[in-house]
Amino acid sequence: MIDRNYFELIGRLRIAVHKKSSSVMQGARKSNAKGSSAEFSDFREYMQGDDIRRIDWNAYGRTERLFVKEYVEEREACINILLDTSKSMDYGEPLKSELAGELAAALGYIGLAGNDHVYIYDTHRLERPLSISGGVRAFGRIRDFLDNRSYEGETDIYSAVRKMKNRGAGVTIIISDLWDEKFVTDEKREENLEKLFKYLDYCKQQVILIHTLDPSEKVPTLEGTHNLIDMEDEVSRIRVTMDAKTVNDYRDAFNSFCRMIERLAKKYHAFYRRTYTDESMERIVFEDLREIYDI
């Protein structure tokens, strides 16, 4: 985990929420409902039982009718963070899982600093998400939750998202290497990936997709002939010779895969960014992710 001073610095950031909050809890986000904040919204005619302190007497003087002022109600936003805990995340130097955990911690802290409600989901233990609010004083629970994650099994991002509870409009942040067979090798991979974006759009989620990778997954460094074993099922394997042609073919396929994600993210107004384990957290949080903040 990154140090305390760093979290104090990122606590100044706020995740921009473009979809109106429907939470019933008070917070710092503007909702569709009317309430008692200081921000004026509209006028409506006086009804019996209304607070007479809200009557606009200037309007009464002009129209001889009673109108009351309405104000925008402030509610907390719902920030969902889905952390991929499949076995393929336990790879690299440093591990992709370490970067993913640091990103989840940083974004969770930013959510708490903005008085939002943060939910952190582990893809293999979706029935027990961390539900936390109450400001940065509660951040210790996020640390404890992330420190106790294990990385095992296969990736199925769509199924994981479908199992997350729909709490109305909010933000869903997915942190994953996206090495999901349905997205990578399936004949309908683009259709399968689009189904993920469609579902989240249907749920009124503002999507932030953080693609977490080791540099060797972009440009392989292996040479010679090797037996490659699937980390997630530990059964599937292929034998390959890593010559110049093989490396170029892989690089073309990888770039095509990333372009597919970028294209669909743009279509559904989602934020997508690749991050690598050899990059500093300062660069990722303040530069790569700068578009997600309300600054």
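See the structure above.
Owing to the predicted nature of the structure, the values given are computational and were not obtained by experimental measurement.

Observations concerning the overall build of the chain
A tally of helices and strands in the chain yields nine helices and 10 strands. When burial is assessed residue by residue, the chain has 47% of its 295 residues classed as buried. Relative to all contacts within the chain whose residues are 6 or more apart in sequence, the contacts with residues 24 or more apart total 74%. Here the chain has roughly 16,100 Å² of accessible surface; of this, 46% comes from carbon and sulfur atoms.

Structural notes on the packing of helix α7 (residues 189-202) against helix α8 (residues 244-267)
When two helices pack together, their arrangement is given by the angle between the helix axes and the distance between those axes. Where α7 contacts α8, the two axes come as close as 10 Å, and the packing angle between them is 35 degrees. Crossing of α7 against α8: the hand is right-handed. Of the residues in α8, those touching α7 at R189, E190, L193, E194 and F197 are M260, I261, R263, L264, A265 and K267. Split into classes, the residues belonging to the contact of α7 with α8 amount to six nonpolar, no polar and five charged.

A word on the pattern of salt bridges
Per the stated rule, a full pass over the model turns up 15 salt bridges. Across the salt bridge formed by D177 and K96, the nearest N and O atoms sit 2.8 Å from each other. Of this pair, D177 sits in the loop between β6 (170-176) and α6 (181-184) while K96 sits in helix α3 (residues 96-113), and the two are 81 residues apart along the sequence. In this structure, D177 and K96 share a single accessibility class: buried. Here E152 and R125 are joined by a salt bridge, their closest N and O atoms 3.5 Å apart. Of this pair, E152 sits in the loop between α4 (139-147) and α5 (157-163) while R125 sits in the loop between β4 (117-122) and β5 (130-132), and the two are 27 residues apart along the sequence. The class for E152 is partly exposed, based on a relative accessible area of 39%. Residues joined in a network through salt bridges with shared partners are D122, R125, R149 and E152.

Brief notes about the sheet that holds β4
By way of backbone hydrogen bonds, the strands of a sheet pair with one another, either parallel or antiparallel. As summarised here, the arrangement of the six strands in space is β5-β4-β3-β6-β7-β10, forming an open sheet in which the pairing is mixed. A single partner strand is all that each edge strand has here, and the edge strands are β5 and β10 (271-276). Along the sheet, successive strands turn relative to each other by an average axial angle of 15 degrees, direction set aside. Looking at chain direction, β4 and β5 are connected through three bridges and run antiparallel. Among the inter-strand pairings, I120 is bridged to a residue of β5, identified as L130. Sitting on the sheet, α8 touches β7 (205-213) and β10, and the angle it makes with β10 is about 150 degrees.

Focus on the packing of aromatic side chains
In this description, a pair of aromatic rings is defined by centroid distance and the angle of the planes. Taken as a whole and assessed by the stated rule, the structure comprises seven aromatic pairs. Judged by centre distance (6.3 Å) and plane angle (75 degrees), the ring pair of Y158 and Y199 falls under edge-to-face. In this pair, Y158 is assigned in helix α5 and Y199 in helix α7, connecting sequence segments 41 residues apart. In this pair, the class of Y158 matches that of Y199, namely buried. Between W179 and F254, the ring centres sit 6.4 Å apart and the planes meet at 50 degrees, which makes this aromatic pair tilted. Here the residue W179 occupies a position in the loop between β6 and α6, and F254 occupies one in helix α8, the gap between them amounting to 75 residues. A cation over an aromatic ring shows up here: R149 above the ring of F145, its NZ or CZ 3.9 Å from the ring centre. Lying across the ring of Y119, R167 places its NZ or CZ 3.6 Å from the centre.

Definitions and cut-offs
- Residues numbered from 1 in each chain as written.
- Predicted model: local features only at pLDDT ≥ 70, side-chain atom pairs only at ≥ 80, totals over all residues.
- Heavy atoms only, no water.
- Helix = DSSP H or I, 4+ residues; strand = E, 2+ residues; numbered from the N terminus.
- Buried < 20%, exposed > 50% of the residue type's maximum accessible area, 1.4 Å probe, protein only.
- Contact = heavy atoms within 4.5 Å.
- Areas by Shrake-Rupley, 256 points an atom, 1.4 Å probe, with all protein chains shown as cover.
- Axes fitted to C-alpha atoms, helices over the stretch in contact; angles between N-to-C directions.
- Left-handed = near helix turned anticlockwise from the far one by under 90°.
- Nonpolar A, V, L, I, M, F, W, Y, C, P; charged D, E, K, R; others polar.
- Salt bridge = Lys/Arg side-chain N within 4 Å of Asp/Glu carboxyl O.
- Pairing = 2+ DSSP bridges.
- Phe/Tyr/Trp six-rings, centres within 6.5 Å; stacked < 30°, edge-to-face > 60°.
- Lys NZ or Arg CZ within 6 Å of the ring centre and 35° of its normal.

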